[in-house]
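# Structural characterization, general
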Amino acid sequence: MSEQHMSPVPMIRLHDGTEIPQVGLGVLRIDDEGVTPVVESALAAGYRHIDGAAGYNNEGGVGRALVNAGYATGERRRELWVTTKLRDSEQGYDSALKAFDRQIGLLQLEYVDMYMIHWPTPFDWRSGETWKAFVRLREEGRVRTLGVCNFLPEHLERLHEETGEWPTVNQIELHPTWQQREVTAFCREHGIAVEAYSPMARGADLNAGNGTVERIAAANGISPAQAILRWHIENGTIIIPKSVHAERQRENLDLFGFELTPEEHAAIDALDGPTRAGHDPLTFSYA
């Protein structure tokens, strides 16, 4: 497949100076064998940001794709951003270091760009100890930057109290009907970039607001998915839409040749609601 000729994806500068592409590919719920061609087609489409996790059980398949496409080493590796996440069952100092060794082996990389705590597990809090292991990995040059997922302000504050650091990124469930405004405001206040997973509520938000999103899409000659993803882009949010289809992958990256009007953007803002599509960070653990 040829490289796509579309506007380059903007970089979001994190508080430690590293820069992350604003659009990445999510690989949740794709099996280890199936993920290899999915990542390969995304790289061919122009993606330079892959968001993985130990808990997705497909790091080996991601690693094979990076090797096959020539992105595991050298100059091309430097063009690529790879995120992975620690399993919650492996939080803790020694266990995180051991887990990382296994994960980087599966990915067939010398370093990852971002390593993240996957869930705060406040009922079994080990983030402070885990973070110390993460800092060691960063000092050794095996990880470039450190993030968290699903942290609420109280968890971010506790981590800061125990470690003296704020993560560079907080990856949270975020989409038009679940905007988490208090969390995002707290992150912005503390220089933490917000990254949205399930940016379209796994497709549910495409029909939100009695056709609001569809009307905005039609007015701009774009798809409903592009309308929602563009709204995220204009909010300065990092997004990791998942698609296994090459055509949809290209569409999800093609967000920079149009803008929403202020009225259209406000109409999507107005879709905020009380219902998450995923799990509650106060009670959930991704073993």
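Please refer to the structure placed before this passage.
The notes below deal with the structure included here.

What counts, and where the lines are drawn
Residues numbered from 1 in each chain as written. Predicted model: local features only at pLDDT ≥ 70, side-chain atom pairs only at ≥ 80, totals over all residues. Heavy atoms only, no water. Phe/Tyr/Trp six-rings, centres within 6.5 Å; stacked < 30°, edge-to-face > 60°. Helix = DSSP H or I, 4+ residues; strand = E, 2+ residues; numbered from the N terminus. Buried < 20%, exposed > 50% of the residue type's maximum accessible area, 1.4 Å probe, protein only. Lys NZ or Arg CZ within 6 Å of the ring centre and 35° of its normal. Axes fitted to C-alpha atoms, helices over the stretch in contact; angles between N-to-C directions. Parallel < 35°, antiparallel > 145°, perpendicular 65-115°, else oblique. Left-handed = near helix turned anticlockwise from the far one by under 90°. Contact = heavy atoms within 4.5 Å. Nonpolar A, V, L, I, M, F, W, Y, C, P; charged D, E, K, R; others polar. Pairing = 2+ DSSP bridges. Right-handed = clockwise from strand over helix to strand, strands pointing away. Expected span 1.5 Å × (residues − 1).

Another point: the packing of aromatic side chains. Under the defined criterion, the tally for this structure stands at 6 aromatic pairs. Measuring from centroid to centroid gives 5.8 Å for Trp-166 and Phe-186, while their planes differ by 70°, and the two rings are edge-to-face. Placement of Trp-166 in the loop between α6 (153-163) and β8 (169-173) and of Phe-186 in helix α7 (residues 181-189) is noted, with a sequence separation of 20 residues between them. Comparing Trp-166 with Phe-186, the two get one shared label, buried. Taken together, Phe-100, Tyr-115, Trp-131 and Phe-134 form an aromatic cluster joined through their ring pairs. Over the aromatic face of Tyr-111 sits the side chain of Arg-77, whose NZ or CZ is 3.9 Å from the ring centroid.

Once that is clear, we can look at the environment of Gly-17. Along the polypeptide, Gly-17 turns up in the loop between β1 (11-13) and β2 (19-21). Sequence separation between Gly-17 and Thr-145 is 128 residues, and the spatial gap between their C-alpha atoms is 9.4 Å.

The subject of this paragraph is the packing of helix α5 (residues 127-139) against α6. Running from amino to carboxyl end, α5 crosses α6 at an angle of 60°, the nearest separation of the two axes being 9 Å. Here α5 lies oblique to α6, going by the angle between them. Viewed along their axes, α5 and α6 form a crossing whose handedness is right-handed. The residues of α6 that touch α5, namely those facing Ser-127, Gly-128 and Trp-131, are Leu-159, Glu-162 and Thr-163. Counted by class, the contact of α5 with α6 contains 2 nonpolar, 3 polar and 1 charged residues.

What follows is about the pairing of strand β7 (residues 143-149). Across the 7 residues that make up β7, a large majority, 6, are buried. Examined bridge by bridge, strand β6 (residues 112-117) and β7 share 5 bridges and lie parallel to one another. When the sheet's bridge partners are listed, Val-112 is paired in β7 with Val-143. Read as a crossover between parallel neighbours, the route from β6 over α5 to β7 is right-handed. Across 3 bridges, the pairing between β7 and β8 is parallel. In the sheet register, Val-148 faces β8, and the bridge partner there is Asn-170. Note on the crossover from β7 through α6 to β8: the handedness is right-handed.

Moving on: α5. Given 3.6 residues per turn, any residue in an α-helix points the same way as the ones three and four places further on. Over its 13 residues, α5 extends 18 Å from the first C-alpha to the last, a length consistent with the 18 Å expected when each residue adds 1.5 Å. Those residues of α5 not exposed but buried are Ser-127, Gly-128, Thr-130, Trp-131, Ala-133, Phe-134, Val-135 and Leu-137. Summarising the contacts, the buried residues of α5 are in contact with β5 (81-86), α4 (93-107), β6, β7 and α6. Of the residues one or two after α5, Gly-141 is the one with positive phi, at around 80°.

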